[in-house]
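Chain by chain, the residues run as shown.
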Amino acid sequence: MVSNVATSCLLVRWYDLSWLQVTNESTFNLSWQDRYANSNSQTLKSLFNDFSLVLSPLSRLSLTVSCDYSLLETSKGEYNSILFADAKLLYTPSKRWELGLRIDNALNRKQYVDASFTGFNYRYFSLPLRGREAMATVKYKF
């Protein structure tokens, strides 16, 4: 038996404006196993997309938003999609002080699912996730 994977990836970065940076990376995977006697071959497809936006309207203020999107075929014709979003706000009023706010899992996703063919094996798992988290930070540099 032979296991096969075809992957394509596209990375786009846009930094034309000093106060705005946009990055997007998309990856498409197609995996399959060649048929052998008394076997049903299955093809699995997946799409992964990572997006980030950094906005700095003022020299001392920056906002970063990042999103991860996955679309996975877990079995023939059945798909699972998940979208994660995180945000980070930083304000630096002086060289010594930095104030921040970070929000992880902003969409409050409850589980993560993955499936793939690796070699001769089909792998599927589902993991519970922590809920939305927020953290405020205050930094002082000596």
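This text follows the structure it describes.
Because the structure is predicted, anything quoted here is derived from the model rather than measured. (Residues numbered from 1 in each chain as written. Predicted model: local features only at pLDDT ≥ 70, side-chain atom pairs only at ≥ 80, totals over all residues. Heavy atoms only, no water.)

A count of helical and extended segments in the protein chain gives zero helices and nine strands. Starting at the N terminus and walking to the C terminus, you meet the elements of the protein chain as β-β-β-β-β-β-β-β-β. Relative to its 142 residues, the protein chain shows a buried fraction of 18%. Partitioning the contacts of the protein chain with sequence separation of at least 6, the portion at a separation of at least 24 is 47%. (Helix = DSSP H or I, 4+ residues; strand = E, 2+ residues; numbered from the N terminus. Buried < 20%, exposed > 50% of the residue type's maximum accessible area, 1.4 Å probe, protein only. Contact = heavy atoms within 4.5 Å.)

Let us look at the environment of Ser26. One can find Ser26 in strand 2 (residues 20–33). Engagement of the side chain of Ser26 in a polar contact is seen with the side chain of Asn49, the distance being 2.4 Å. (Polar contact = N/O pair within 3.5 Å; in protein donor to acceptor, adjacent residues only side chain to side chain.)

Our focus in this paragraph is the pattern of salt bridges. Summed over all chains, the structure comprises four salt bridges. A salt bridge links Glu98 to Lys139; the nearest nitrogen and oxygen atoms lie 3.6 Å apart. Taken together, the residues span a long stretch of sequence, with Glu98 in strand 6 (residues 97–104) and Lys139 in strand 9 (residues 133–140) at a distance of 41 residues. Taking the relative accessible area as the measure of exposure, Glu98 reaches 16% and is therefore buried. Its relative accessible area of 44% is what places Lys139 among the partly exposed residues. In this structure, Glu133 engages Arg130 in a salt bridge whose closest nitrogen and oxygen atoms are separated by 3.2 Å. A relative accessible area of 31% places Glu133 in the partly exposed class. (Salt bridge = Lys/Arg side-chain N within 4 Å of Asp/Glu carboxyl O.)

Moving on, we get to the pairing of strand 6. Two elements, strand 5 (residues 78–91) and strand 6, share five bridges in a ladder whose sense is antiparallel. Within the sheet, the bridge partner assigned to Ala87 lies in strand 6 and is Ile103. The hairpin turn running from strand 5 into strand 6, its antiparallel successor, is five residues long. Pairing of strand 6 with strand 9, which is carried by eight bridges, proceeds in the antiparallel orientation. When the sheet's bridge partners are listed, Leu99 is paired in strand 9 with Val138. (Pairing = 2+ DSSP bridges.)

Quick look at a nonpolar patch on the surface now. A surface patch of nonpolar side chains, about 700 Å² in accessible area, is lined by Tyr91, Trp97, Leu99, Val138, Tyr140 and Phe142. Elements with a minimum of two residues in the nonpolar patch: strand 6 and strand 9. By the secondary structure assignment, Trp97 is in strand 6. Using a relative accessible area of 40% as the deciding quantity, one classes Trp97 as partly exposed. (Patch = residues over 30% accessible without salt bridge, like charges linked within 9 Å, V, L, I, M, F, W, Y side chains within 5 Å. Areas by Shrake-Rupley, 256 points an atom, 1.4 Å probe, with all protein chains shown as cover.)

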